Every structure is written in C-alpha cells, then in structure tokens.
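Structural characterization, general
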Amino acid sequence: AQTVTQSQPEMSVQEAETVTLSCTYDTSESDYYLFWYKQPPSRQMILVIRQEAYKQQNATENRFSVNFQKAAKSFSLKISDSQLGDAAMYFCALGAGGTSYGKLTFGQGTILTVHP
Amino acid sequence: DAEITQSPRHKITETGRQVTLACHQTWNHNNMFWYRQDLGHGLRLIHYSYGVQDTNKGEVSDGYSVSRSNTEDLPLTLESAASSQTSVYFCASSEGSAHGAFFGQGTRLTVV
C-alpha cells in the first residue's frame, strides 16, 4: 500500500517571502511519480509540479521547486516570492508507474495563507 | 480545448435515494477515476476504470458503483445515499502515471 503524509495542516507566509510545504511518502514501487496540486477556493485541482522518481534533479516550475530526497522518502514544495494568488490548499500526491495508469494517492493537504 | 466536466456542481439529496454524478471528458483518455475529498483525509479513490467495460474498486468503494460504456463518460452512482457520503466528489482522467491527472470542477453532494 502507498501512503502520503502532509504533517502541516496550515502554513502562512508573507507576500514576497519563501515558504516550504512538507510531504513524506511510502511506497514499495521502484517506478513512481510525485506531484503537487493546488486547490484554490474555486475548488479546481491544478497541477503545480511533477517529479519522476528516477530523476535525481529536482523539478522547477518558475517560482515553484521541489526538494526530492528519495532515500528519506521526502518531497517538499518550495514557493519563492509568494503572491496573494498562491493562497490555496496544496496536496502532495504519489502515483506508481507501470500498470497504475494515473491512479494517485493523496496526502491530507496543507492550507497556505499569504499575508499582504 | 479538451476538458473534463462534472454535473451537477452542487446537489442536495435525501438519505436512501439513489444519486448519479456525471463525468464527461474530451481528452480521449482511457483512464478515469472518482475521488472524494474530506477534510483531514485529502482525496481518496472510490472507483476507477482503465477502459470501456473495465471498472475497479478503490479505497472507499462501499456504497458506490460506476459503469463505463464509452471512453468519454464514467458516471458515479450512490445506490442508497447516506449522510456519511456527504462530500466533494472529483472525477479525473489520465493519459498515464507520468502525467498525473486532469480533474473536473468537483461536485458538492449533501445528504440530508
């Protein structure tokens, strides 16, 4: 069984500052993918960033980057130069490769508040 | 543009009634999923399908069923709605594990 744990129910950050959201996971698969999704008040699930487990290089998408520590099974999200529009619920998700075809296991979510 | 749409966006129903939530995708993805979102639990998998006539149970499948008669649609049925099924429901589709999934807008279901 796969598990994903987000231990921070809520986080806050000042506008223009940097914040890191934590995620740990457990899987017996050797082929897997990790994702961060953003859910703003509109409820829409938006893919923020993805990481292939076989890649050592940390993924980066503009102001969003990850710190992927495979041995520690840790996958944190760093948001730089935080903006008011970053305020949302963030979910960490794990997808096994092979025949899982996009099936995801989610963490509990972290609510991010951005203060002006 | 391709998309995935759910209907209705909001629904209130009574305990014991049968309810069907619709999901339609134009991505032409074989893989479709239903999740429910509850505070403190994140999103949990209810049912999924890897193609026409294929359906599989997820983590929290009791009281739910799905059918897949074509590539585009995966309706979710609550056979006899219970208050414990009050939740936000998301439909998703995926090209494969490496790509993550595209989600619908969600349906907020309240069972009274």
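The text that follows walks through the structure, step by step, so that each part is easy to find. Remember, it's a predicted structure, so these values are computed and weren't measured experimentally.

Before going further, it helps to examine the overall build of chain B. Along chain B, the regular secondary structure elements total zero helices and 11 strands. Computed over the C-alpha atoms, the radius of gyration of chain B is 13 Å, within 12% of the 13 Å expected from 2.2 N^0.38 for a compact globule of 112 residues. Dimensions of chain B, computed from the C-alpha atoms along their principal axes, are close to 35 × 30 × 25 Å. For chain B, the proportion of its 112 residues judged to be buried stands at 50%. Within chain B, contacts between residues separated by at least 24 positions form 53% of all contacts whose residues are at least 6 apart in sequence. About 5100 Å² of surface is accessible on chain B, with carbon and sulfur atoms providing 45% of the total.

Our focus in this paragraph is the sheet that holds strand E1 (residues 4-7) of chain B. Residue and element names in this part refer to chain B. With antiparallel pairing, four strands are arranged side by side in an open sheet as E1-E3-E8-E7. Looking at strand neighbours, the two that pair on one side only are E1 and strand E7 (64-66), the edges of this open sheet. Sheet twist, expressed as the mean angle between neighbouring strand axes with direction ignored, is 20°. Note that E7 and strand E8 (residues 76-78) share three bridges and pair antiparallel. Counterpart to Ser65 in the pairing with E8 is Thr77.

All names here are of chain A. The final tally for this structure, using the stated rule, is seven salt bridges over all chains. Between Asp26 and Lys73 there is a salt bridge whose closest N-O contact spans 2.9 Å. With a gap of 47 residues between them, Asp26 in strand E4 (residues 24-26) and Lys73 in the loop between strand E8 (64-69) and strand E9 (74-79) connect regions that are remote in the sequence. Judged by its relative accessible area of 38%, Asp26 falls in the partly exposed class.

Our next topic: the environment of Lys38 of chain A. Residues and elements named next belong to chain A. Positionally, Lys38 belongs in strand E5 (residues 32-39). Counting along the chain gives 50 residues from Lys38 to Ala88, while the straight-line C-alpha distance between them is 6.3 Å. At 2.7 Å, the side chain of Lys38 and the backbone oxygen of Gly85 are in polar contact.

Turning next to the interface of chain A and chain B. Taken residue by residue, the interface counts 23 residues in chain A and 28 residues in chain B. Taken together, the two surfaces of chain A and chain B that pack against each other cover about 2000 Å², and 53% of this comes from carbon and sulfur. Of all residues in chain A, the largest losses of buried area upon contact with chain B belong to Arg43, Tyr101 and Lys103 of chain A, amounting jointly to 35% of the total for that side. Looking at the side of chain A that touches chain B, the element that brings in the most residues is E5 of chain A, giving four residues. A breakdown of the residues in the side of chain A that touches chain B according to their chemical character gives 10 nonpolar, 10 polar and three charged.

What counts and what doesn't
Residues numbered from 1 in each chain as written. Chains lettered and ligands numbered in written order. Predicted model: local features only at pLDDT ≥ 70, side-chain atom pairs only at ≥ 80, totals over all residues. Heavy atoms only, no water. Helix = DSSP H or I, 4+ residues; strand = E, 2+ residues; numbered from the N terminus. Rg over C-alpha atoms; globule rule 2.2 N^0.38 Å. Buried < 20%, exposed > 50% of the residue type's maximum accessible area, 1.4 Å probe, protein only. Contact = heavy atoms within 4.5 Å. Areas by Shrake-Rupley, 256 points an atom, 1.4 Å probe, with all protein chains shown as cover. Pairing = 2+ DSSP bridges. Axes fitted to C-alpha atoms, helices over the stretch in contact; angles between N-to-C directions. Salt bridge = Lys/Arg side-chain N within 4 Å of Asp/Glu carboxyl O. Polar contact = N/O pair within 3.5 Å; in protein donor to acceptor, adjacent residues only side chain to side chain. Buried area = accessible area lost by both parts, 1.4 Å probe. Nonpolar A, V, L, I, M, F, W, Y, C, P; charged D, E, K, R; others polar.

Honestly, it's all geometry; don't read function into it.
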